[in-house]
Amino acid sequence: MARQLTERFQVGVITGTHGLRGEVKVFPTTDDPARFLDLKEVILQTGRGERRVGIRSVKFFKKFVILGFSGMDRIEDVEKLRGSELLVERADAAPLEEGEYYIADLIGISVRAQDGTVIGTLREVIETGANDVYAVAREGKKDLLLPAIPECILDVRVEEGVMTVYVMPGLEEL
């Protein structure tokens, strides 16, 4: 059965204004903030709806991305945007390497053991320094935490919504 894949991905959240020329401070929610340099437009999702906005400038300051939007060049134009999400279409998302997946596509897929036994549903991807950790929600038990390493994650079929895993000895008891 084919699974509906995520059509849009969040790349940032506006945390406030920056200066007086209509720029906003964005906390990036993408693995690679430099990708903002390649974006021509984003989907601005406010509490009152959404609209496409062109990007006129991109700068970097500490952990933030400073964006200027086309047609918004005064602080008054952007003051109400705090908390708004910035989205991109799947076609504009960063390309994936072999064995990489968009986190939004992984959430909710069925996690199974090698023998086909259903373990649970992927609830969260925890990003750590070394490797990601998959939190698998299980009926009546605590989440199973699986390191996202080739020894544990044997097969991922995003379109079918299935991940086959090997649960290393000791992980089940945690």
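Residues numbered from 1 in each chain as written. Predicted model: local features only at pLDDT ≥ 70, side-chain atom pairs only at ≥ 80, totals over all residues. Heavy atoms only, no water.

Caption draft 1: Geometry of the environment of L146. In this structure, L146 sits in strand β10 (residues 144–147). In this structure L146 comes out as buried when scored by relative accessible area, which is 0%. On a C-alpha basis, the gap between L146 and E160 in space is 20 Å, while along the polypeptide they are 14 residues apart. Leaving out residues up to four positions away in the same chain, L146 has contacts with V111, D132, V133, Y134, V136, V165, V167 and L171. (Helix = DSSP H or I, 4+ residues; strand = E, 2+ residues; numbered from the N terminus. Buried < 20%, exposed > 50% of the residue type's maximum accessible area, 1.4 Å probe, protein only. Contact = heavy atoms within 4.5 Å.)

Caption draft 2: Structural detail: the sheet that holds strand β2 (residues 23–28). Sheet architecture is closed into a barrel: six strands sit in the order β1-β2-β5-β4-β3-β6, paired in antiparallel fashion. Taking each pair of neighbouring strands and ignoring which way they run, the sheet shows an average axis angle of 45°. Here six bridges tie strand β4 (residues 49–61) to strand β5 (residues 64–69), and the two strands are oriented antiparallel to one another. Across the sheet, V58 pairs through a bridge with L67, a residue of β5. (Pairing = 2+ DSSP bridges. Axes fitted to C-alpha atoms, helices over the stretch in contact; angles between N-to-C directions.)

Caption draft 3: Region of the structure containing the layout of surface pockets. A volume near 930 Å³ is recorded for the largest pocket. As for the largest pocket, its lining consists of 33 residues, of which D31, L96, Y101, Y102 and I103 are closest to the centre. Secondary-structure elements contributing two or more residues to the lining of the largest pocket are β1 (8–18), β2, α2 (103–106) and β11 (153–157). Counting residues per element, the lining of the largest pocket draws most heavily on β11, which supplies four residues. Looking at the lining of the largest pocket, its residues break down into 22 nonpolar, four polar and seven charged. (1 Å grid on protein atoms, 1.4 Å probe; cavity = no way out; pocket = protein on both sides within 12 Å on 5 of 7 lines; lining within 4 Å. Points joined across faces, edges and corners; volume = space filled by probe spheres on them. Nonpolar A, V, L, I, M, F, W, Y, C, P; charged D, E, K, R; others polar.)

Caption draft 4: Structural context of the sheet that holds β10. What the six strands build is an open sheet, ordered β10-β9-β8-β7-β12-β11; its pairing is mixed. Strands with a single pairing partner mark the edges of an open sheet, and in this sheet they are β10 and β11. Ignoring strand direction, the axes of neighbouring strands in this sheet form an average angle of 35°. Looking at chain direction, strand β7 (residues 110–113) and strand β12 (residues 162–165) are connected through four bridges and run parallel. Counted as the bridge partner of S110 is V162 from β12.

Caption draft 5: Quick peek at the pairing of β2. Looking at chain direction, β1 and β2 are connected through six bridges and run antiparallel. Each residue of the ladder has a partner; that of T17, found in β2, is V24. Once β1 ends, the chain turns through four residues before running back antiparallel as β2, passing G19 with a positive phi of about 75°.

Caption draft 6: Looking closely at the nonpolar core. Among the nonpolar cores identified, the biggest contains 21 residues, and I14, V26, F36, V42, L67, F69 and L86 are the most heavily contacted of them. Sorting the residues of this core by element identifies β1, β2, β3 (41–46), β4, β5 and β6 (85–89) as the ones contributing at least two each. One finds L106, Y134, V156 and M163 within the second-largest nonpolar core, a separate group that totals 17 residues. (Core = buried A, V, L, I, M, F, W, Y, C linked by side-chain atoms within 4.5 Å.)

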